[in-house]
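Inside the fold
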Amino acid sequence: MSHTITMTVRLSGALSEFVASNVGEHGAYETTSEYLRDLIRRDKERVEREAFDRLEAELARAFAAPEDSYHPLTAAEVIARNQG
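Residues numbered from 1 in each chain as written. Predicted model: local features only at pLDDT ≥ 70, side-chain atom pairs only at ≥ 80, totals over all residues. Heavy atoms only, no water.

Under an unreviewed UniProt entry, the protein chain has the name Type II toxin-antitoxin system ParD family antitoxin and belongs to Rubellimicrobium aerolatum.

As structure tokens, this is what we get:
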């Protein structure tokens, strides 16, 4: 379920000028809200991409490991290892 929240952001100086240059008649965005939503979406995508890249690297290391380095674990052992 999605909900909407209202936030107040105060910017001054160079940050305010930068936002203003990207919004309105000569900017890429019609409103400041549109600009901020796009920035947040892109940041969310970056965080998700970084998490995926970490997982991918971990899996690549695991698959590259020699077969004799693997140790069988029960589901309970995996759960216990990941809990603490």
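What follows picks up the thread again.
On inspection of all chains with the given rule, the structure shows four salt bridges. A salt bridge links Arg42 to Asp38; the shortest N-O distance between them is 2.5 Å. You can see Arg42 and its partner Asp38 sitting in helix H2 (residues 32–64), four residues apart, about one turn around the helix. You can call Arg42 partly exposed: its relative accessible area is 46%. (Salt bridge = Lys/Arg side-chain N within 4 Å of Asp/Glu carboxyl O. Helix = DSSP H or I, 4+ residues; strand = E, 2+ residues; numbered from the N terminus. Buried < 20%, exposed > 50% of the residue type's maximum accessible area, 1.4 Å probe, protein only.)

This brings us to the environment of Asp43. Structurally, Asp43 can be placed in helix H2. Judged by its relative accessible area of 38%, Asp43 is partly exposed. The spatial distance from the C-alpha of Asp43 to the C-alpha of Arg10 is 20 Å, given a sequence separation of 33 residues.

A few words now on a nonpolar patch on the surface. Nonpolar side chains collect at one region of the surface, where Ile5, Met7, Val9, Leu11, Leu15, Leu36, Leu39 and Ile40 lie side by side and expose about 770 Å² of accessible area between them. For the nonpolar patch, the element with the most residues is H2, which contributes three residues. Positionally, Ile40 belongs in helix H2. (Patch = residues over 30% accessible without salt bridge, like charges linked within 9 Å, V, L, I, M, F, W, Y side chains within 5 Å. Areas by Shrake-Rupley, 256 points an atom, 1.4 Å probe, with all protein chains shown as cover.)

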